[in-house]
Every structure is written in C-alpha cells, then in structure tokens.
Amino acid sequence: MREIRAESIVNAVSDAAIRANLELGRDVMEALERAVGLEESEVGRDILKKLLENARIAREERIPICQDTGVAVLFVELGREARVIGDLYQALEEGVRKGYEQGFLRKSVCDPFTRKNTGDNTPVIVHLSLVPGDRLRIWMVPKGGGSENMSRLFMLPPSAGWAGVKEKVVQTVAEAGPNPCPPTIIGVGIGGDFEQSAILAKKSLLRPLGSPNPDPRLVPMEEELLTDVNRTGVGPQGLGGRVTSLAVHILMMPCHIASLPLAVNIQCHASRHVEIVL
Amino acid sequence: MDVEHHLTTPLSDKDVESLRAGDRVAISGIVYTARDAAHRRLMELMGAGKELPIPIAGQVIYYVGPSPAPPGRVIGAAGPTTSYRMDPYAPGLLERGLKAMIGKGKRSREVIEAMVRYKAVYLAAIGGAGALMAKAVIGARVVAYEELGPEAIRELKVDKMPAVVVNDVLGNDLYEEGQEKYRLTEGP
C-alpha cells in the first residue's frame, strides 16, 4: 500500500485551483486561435482575439481569466493500492478553501434560499472512483454558473434515437444563445441513468480540446454534432457567426431498455481543468 | 474595431437616444455594480417605499460580481454576468430613470419594452473576459451590502470601458440581428 498524506493533497488542490483559474490551458488557447481562422464575422473574430488577449493578461498579471471562478468540481481517481493518511474529502475541501483564499478567487457558493454566501467556496462537488494502481489522480474543474445554468437533461424515449439526440443538443445550444459565453464546448452524456448521464456529460469536458475521442464510434458523432451546433449562427458571444462551439465531446454507456438519457453540459470558452497526480 | 460613441456618466435621454444596436461604446465615469442578491434588496426597498442606497436616475448598472482585488490592484477580474436573472427587477429600475445596463446575454420582452418606454439601453461586455475588463476599472469601493461579498454594490470608476449596444431605444436587438445573418437552420 502506497501512502499519501492528506496534507500533500491540500497543497496540490490549492495550487491546482489557482493555476486553473489564472492560466487558460494550451489546448483552449490553440482552439481559440484556430477559431479566429474559421470565423467569418468580423465582430466574431474581434471577440476571439480579445479572449486570447484576456487569457494572456490573466496569466501574466496573475488575476483570474473570469471573475466567476466557479464551484469547485473535483473528479478523483484513487488507486486501489494507495491509502490516504487522513480524510480525503476534508483534504479536498481544505485545498479549495486555501486556494480560493490565497489566490484571490471569488467565493461563489451560497445557500439556495437565503442566498447567504458560505464564504470559502465550499462545499465542493466530488466524483470519486476507485481505479487500478497506487496513484491519486485529481482533476480540478472550476465550473461557472452562466454556462451551467444553460445545461439540460432529457430522458428521451428509445425511439428518439440519434436524430432525437441531435435535435435536443442543437436546441439546447440555440436556446442558450449568448448566455453561456460562446464559443462554448458542449459536453454530451448519453446513456447510463438520470444522474449518470449528467456526470458523463461533465466528465467528457476533461478531455483536452483537439484530442480525438478514444472511442472510435463517437468520433463521427462528435463531428456531426459540432457541424450542426455551428449552423445555429449563435457565434462568439451570441453576436452571430460560424463558431458557436469549439468542440463537442461525448461519453456514452449502456442504459435501461426503457430509456435514452441525454445530458448536455455547456462549458464556456474559459474551460478550466487542471490534472494533478500524487 | 472603432468605437462609435464615448459616453460619460451620468447619461441623459439625449445620450442614449443617439445609440443604435451594434454601436461600440466606451464608458467613462461612475457605474454601479449589482447582481442577483443586490437587485432583490433594491426591489424590497422600493416595494416598502424606502430610499435606495445608490442613485438610479441617469445612472448605469453593471451586472458583475468581481473577484477579490489582489494587493496593489483596485479590483480582480470583472467581466459581466448573465443578465436575464435581473429581468424581473429591471423594469422597476428603468421606471426610476436607470439609463443603461451592462451585462451579457438576452433580455426579456418586458425589459426590452421598458427600455423603449423609459429611454434606456442594454449594453453587452465580453463575457469571460474578466481580466481584460478589469483594465478599464480605475477605482472601486463598496457602497452598500458589504456582507454580500462579491454581490455587494460597488461604485466603480471606469475609464473607456468597452461595450456594444444590444438593445436600443427603438427596440432593436443585436443578438437577433447578428445570429440571423449566420443561421443555417430554423431558429430556436
């Protein structure tokens, strides 16, 4: 059994929270640069260049890319041969608390009804799974409210098929329009059940932009959906254009014989995800 | 791209009447920040007939909850939040003379009609460009509801803050016009 101290998890998560919010990933920068070449709208191209400039300012001047530094979502894979000395959940929460305070990140978590801010960006959202090996792998994903609010879940009848899935994805993107800060990345979860489809949709966003889906069946499906969502004309910031979304990512698994669950998790252009391995 | 109008706050009817959907503006002077929780409080005060903590007539409200200011800076990241959540509150403020709102995303039919009726505009800033937008902020102080943290009302001093006119006093809508040009499918 390999031992991992809770304290090292706290520090790694804190550092990841700050890095994720200040340094836009290379994959997203490259996707935005490609989008400048694809966009036909002059206003759209101007916006895409400003987003690249924004990311450079954030990285150099050490301020967040976006003021909405999100709810902290943590995908955690714990190796079966690894043992955490201390409390894993508490360590994740303490890491977020520390990172959001020391990194001057906005605390964006509140009570649903009183709307009183919890003050330290906790509680966090944790998706934990046990995997082979002796490592602890954590993806820190700050998720903003604007794009999350435009996300949708559909329990389709099996007869809806691929055509029904496409219709709902395009409808979700078109209705969201300018609200989720396009150009967006569309996370699509197909199958599983009600909550699993949503987790698949969010998890699909962890894959770096520009890298192919490891499941060859899903590659043409992603391409087809991307073509369709970019026909909506929403464009950068919803002001019209060809680049409504930078990518569509799909994760899929079998489902109940009665169901065709579909979750559409919209991610804004500030797609922040940092992976750490302990 | 070129700026068509340099605006200095507070704004007059004449200032906003000259603006058209699609125009680029640069705003200088004082703007007030308010988002969900602050709007709810302002509405409660108005409902009770009480005085508001900020002036409304001729003013500009920026829908933003900035991130904390690191040492040596006046503000952290300060880009716009999605505006539709303020739609239930906006007509009441427009009736009191609010001249402009800065945010991102679509407004409701009611808000667009109230802008025509009371002569006001809705401006969009670039969503998710919080570091870039903060460059235009040269001063910031909390003027109400400090306990709301990021949702407190702040008085921001801005210098040439960039935005684009989405809804003008004639009821035009830049989102509809812009998307129409590039749409290859049926509308939503």
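I will try to describe carefully the structure that is included in this document.

Rules used throughout
Residues numbered from 1 in each chain as written. Chains lettered and ligands numbered in written order. Predicted model: local features only at pLDDT ≥ 70, side-chain atom pairs only at ≥ 80, totals over all residues. Heavy atoms only, no water. Helix = DSSP H or I, 4+ residues; strand = E, 2+ residues; numbered from the N terminus. Rg over C-alpha atoms; globule rule 2.2 N^0.38 Å. 1 Å grid on protein atoms, 1.4 Å probe; cavity = no way out; pocket = protein on both sides within 12 Å on 5 of 7 lines; lining within 4 Å. Points joined across faces, edges and corners; volume = space filled by probe spheres on them. Nonpolar A, V, L, I, M, F, W, Y, C, P; charged D, E, K, R; others polar. Contact = heavy atoms within 4.5 Å. Buried area = accessible area lost by both parts, 1.4 Å probe. Salt bridge = Lys/Arg side-chain N within 4 Å of Asp/Glu carboxyl O. Polar contact = N/O pair within 3.5 Å; in protein donor to acceptor, adjacent residues only side chain to side chain. Pairing = 2+ DSSP bridges. Axes fitted to C-alpha atoms, helices over the stretch in contact; angles between N-to-C directions. Phe/Tyr/Trp six-rings, centres within 6.5 Å; stacked < 30°, edge-to-face > 60°. Lys NZ or Arg CZ within 6 Å of the ring centre and 35° of its normal.

Focus on the overall build of chain B
Here's step 1: A count of helices and strands for chain B gives six helices and seven strands.
Here's step 2: Tracing chain B from N to C terminus, the helices and strands come up as β-α-β-α-β-α-β-α-β-α-β-β-α.
Here's step 3: Taken over the C-alpha trace, chain B has a radius of gyration of 16 Å; the compact-globule value for 188 residues is 16 Å, and the two agree within 12%.
Here's step 4: Based on the C-alpha atoms only, the size of chain B along its principal axes is roughly 45 × 40 × 35 Å.

Concerning empty space enclosed by the protein
Here's step 1: Applying the stated criterion to the full structure yields one cavity of 30 Å³ or more.
Here's step 2: In this structure, the largest cavity occupies an estimated 40 Å³ of space.
Here's step 3: In terms of lining residues, the largest cavity is bounded by A:L24, A:L32, A:L51, A:N54, A:A55, A:I65, A:H269, A:A270 and B:G128.
Here's step 4: Among the elements that make up the lining of the largest cavity, the one with the highest residue count is helix α3 (residues 42-61) of chain A (three residues).
Here's step 5: When grouped by side-chain class, the residues that make up the lining of the largest cavity number six nonpolar, three polar and no charged.

Observations concerning the interface of chain A and chain B
Here's step 1: Contact residues are listed per partner, giving 47 residues for chain A and 44 residues for chain B.
Here's step 2: Here chain A meets chain B over a buried area of about 3800 Å², counting both sides, of which 59% is carbon and sulfur.
Here's step 3: Counting across the chain A and chain B interface gives three salt bridges.
Here's step 4: In this structure, A:E61 and B:K135 form a salt bridge, with 2.5 Å as the shortest nitrogen-oxygen distance.
Here's step 5: Our count for the contact surface shared by chain A and chain B stands at 18 residue pairs in polar contact (both at pLDDT 80 or more).
Here's step 6: Broken down by secondary-structure element, the contributors of at least two residues to the side of chain A that touches chain B are α3 and α6 (161-176) of chain A.
Here's step 7: Per-element accounting of the side of chain A that touches chain B gives the leading share, 11 residues, to α3(A).
Here's step 8: A per-class count over the side of chain A that touches chain B returns 19 nonpolar, 16 polar and 12 charged.

Quick look at the sheet that holds strand β2 (residues 71-79) of chain A
Residues and elements named next belong to chain A.
Here's step 1: Here four strands make up an open sheet; going across it, the order is β4-β2-β5-β10 and the pairing mixed. Every other strand in the sheet has two partners, leaving β4 (125-131) and β10 (274-277) as the edge strands with one partner each. Averaged over all neighbouring strand pairs, the angle between strand axes comes to 15 degrees, with direction disregarded.
Here's step 2: Of the pairings in the sheet, the one linking β2 to β4 comprises seven bridges and is parallel in character. Within β4, the position partnered with V73 by the bridge is I125.

Thoughts on the packing of aromatic side chains
Here's step 1: On inspection of all chains with the given rule, the structure shows zero aromatic pairs over all chains.
Here's step 2: Directly above the aromatic system of B:Y122 lies the positively charged group of B:R107, at a separation of 4.8 Å from the ring centroid.

Focus: the pattern of salt bridges
Here's step 1: Applying the stated rule across the entire model yields 34 salt bridges over all chains.
Here's step 2: A:K166 is paired through a salt bridge with A:E224; the nearest N and O atoms lie 2.5 Å apart. Of this pair, A:K166 sits in helix α6 while A:E224 sits in helix α8 (residues 218-229), and the two are 58 residues apart along the sequence.
Here's step 3: Each of B:R35, B:D36, B:R85 and B:E151 takes part in a single network of salt bridges with overlapping partners.

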